[in-house]
Amino acid sequence: MAPRADGLTLALPKGRILKQALPLLRRVGIDLAAAWEGEHDRRLLFDLPPGPDLPGGARVLLVKPVDVPTYVEHGVADIGVAGSDTLGEEARDLYEPLDLGIGACRLAIAEPAARPTPLRRGVSLRVATKYPRLTLNHYRSKGIQPEIIPLFGSVELGPITGLSDQIVDLVESGETLRQNNLREVETILYVTSRLIVHPASLKLKQAPITALIAALRDALATDGSTARNVSSARPTGSEGTA
Ligand SMILES: Nc1ncnc2c1ncn2[C@@H]1O[C@H](COP(=O)(O)OP(=O)(O)OP(=O)(O)O)[C@@H](O)[C@H]1O
Ligand SMILES: O=P(O)(O)OC[C@H]1O[C@H](OP(=O)(O)OP(=O)(O)O)[C@H](O)[C@@H]1O
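Residues numbered from 1 in each chain as written. Chains lettered and ligands numbered in written order. Predicted model: local features only at pLDDT ≥ 70, side-chain atom pairs only at ≥ 80, totals over all residues.

- Per an unreviewed UniProt entry, the protein chain is named ATP phosphoribosyltransferase, and its organism is Nannocystis pusilla.
- Per UniProt, the protein chain carries the Subunit (unreviewed entry) text "Heteromultimer composed of HisG and HisZ subunits." (UniProt positions renumbered as here; feature names shortened; annotations may be inferred.)

Right, here's the structure in full:
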């Protein structure tokens, strides 16, 4: 059954963020966990029935993490969950009311532990990354103009194969860097997942959206696991960009 006119459509990222978002969403009445059967479930659209915390019901779209802002910006979804890395890479017309604390990691520069790169103006530098814009902005702020080599995954192979001198990629536990003999040079951005809202939906569906934001805020305020999650990737006292 499709949601009522006052029902909300959510774009949620498939993969690791979805698993962390499910318990939080359940606490605010969006019980996708009751319908989604896990990673082998290939359905991409779920209509959740109305409930006491969700009077209009909800439609959930499961999309690739990097595509969530596109669905919300175009108004196909009212609300989404996206990493601050994805949001920082491309400027969008979106309202971002809440840091959900989940999906904590950091965007960092890394290089071969045995082959440090001298960083000086005028020295040529090749950097492989899934984040060309954030990467370029960071190096330029230091007066360095690198050649960006865009990749879509397994970025750590860049310096190992000679494709690049350094990489800019997400680091969570640091295990991928360690196992590939790379060392972290510098953090560019501390990353968490954010709630994003289509600006027009905020006006047209003001009541259910503000109620959902308030409920999520309450749930986060009493959620010790989220606080632990954030602190595992982010030194105490640090804020946003490194
Ligand atoms: N260790 C991590 N590596 C990558 N991303 C992470 C990590 N921890 C948290 N994240 C967050 O998860 C988001 C999605 O990651 P990614 O694009 O790798 O998708 P995924 O979870 O592997 O799912 P899919 O394979 O379907 O794309 C990132 O943009 C980032 O905000
Ligand atoms: O510090 P760690 O805990 O090891 O996590 C970091 C790794 O996880 C991500 O890769 P992902 O698993 O998404 O695969 P990908 O290389 O295809 O992006 C990221 O791009 C790193 O490679």
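Considerations on the site of ligand 1
- Near ligand 1 there are 17 residues, and of these Gly-15, Pro-65, Gly-83, Cys-105 and Glu-172 occur at the shortest range.
- Considering only residue class, the shell around ligand 1 consists of seven nonpolar, five polar and five charged. (Near = placed C-beta within 6 Å. Nonpolar A, V, L, I, M, F, W, Y, C, P; charged D, E, K, R; others polar.)

Quick word on the site of ligand 2
- Around ligand 2, the surrounding shell consists of Gly-153, Ser-154, Val-155, Glu-156, Asp-169, Leu-170, Val-171, Glu-172, Ser-173, Gly-174, Glu-175 and Thr-176.
- Those elements that provide at least two residues to the shell around ligand 2 are strand E9 (166-171) and helix H6 (175-179).
- The leading source of residues in the shell around ligand 2 is E9, at three residues.
- Each residue belonging to the shell around ligand 2 can be placed in one class, and the counts come to three nonpolar, five polar and four charged. (Helix = DSSP H or I, 4+ residues; strand = E, 2+ residues; numbered from the N terminus.)

Regarding helix H4 (residues 132-141)
- All buried positions along H4 are accounted for by Thr-135, His-138 and Tyr-139. For H4, the arc enclosing every buried residue in end-on projection is 90 degrees, short of the 170-degree limit, so these residues lie on one face. Turned more than 90 degrees away from the buried face of H4, the exposed residues are Arg-140 and Ser-141.
- Close packing links the buried residues of H4 with strand E7 (126-129), strand E8 (147-150), E9 and strand E10 (182-191). (Buried ≥ 20, exposed ≤ 12 C-beta atoms within 10 Å, placed from the backbone. Arc of directions from axis to C-beta. Contact = placed C-beta atoms within 7 Å.)

Structural notes on the domain arrangement of the protein chain
- When its domains are assigned, the protein chain resolves into domain 1 (8-104 + 192-233) and domain 2 (106-190).
- Each of domain 1 and domain 2 has a C-alpha centre, and the two are 30 Å apart.
- Listed as interface residues are six residues of domain 1 and, on the opposing side, nine residues of domain 2.
- No other element matches helix H3 (residues 84-89), which puts four residues into the side of domain 1 that touches domain 2. (Domains from an automatic or database assignment.)

Looking at the environment of Asp-53
- Inspection of the secondary structure assignment puts Asp-53 in the loop between strand E2 (45-48) and strand E3 (58-63).
- The class for Asp-53 is partly exposed, based on 14 C-beta atoms found within 10 Å.
- Along the sequence, Asp-53 and Leu-212 sit 159 residues apart, while their C-alpha atoms lie 8.4 Å from each other.
- Once residues lying within four places of it in the same chain are set aside, the contact partners of Asp-53 are Val-28, Gly-29 and Ala-215.

Structural notes on the UniProt feature "domain: ATP phosphoribosyltransferase catalytic" (unreviewed entry) in the protein chain
- The positions UniProt marks with the feature "domain: ATP phosphoribosyltransferase catalytic" (unreviewed entry) are residues 64-217.
- Its end C-alpha atoms 25 Å apart, residues 64-217 is made of 32% helix and 31% strand.

Regarding the sheet that holds strand E11 (residues 193-197)
- Read from one edge of the open sheet, six strands run E2-E3-E1-E4-E11-E5, paired in mixed fashion. Two strands lie at the open edges of the sheet, namely E2 and strand E5 (95-99), each paired on one side alone. Across this sheet, the average inter-strand angle for adjacent strands is 25 degrees, counted without regard to direction.
- In terms of strand pairing, strand E1 (residues 8-13) meets strand E4 (residues 79-83) through two bridges, oriented parallel. Considered in E4, the bridge of Ala-11 is made with Gly-80. (Pairing = 2+ DSSP bridges. Axes fitted to C-alpha atoms, helices over the stretch in contact; angles between N-to-C directions.)

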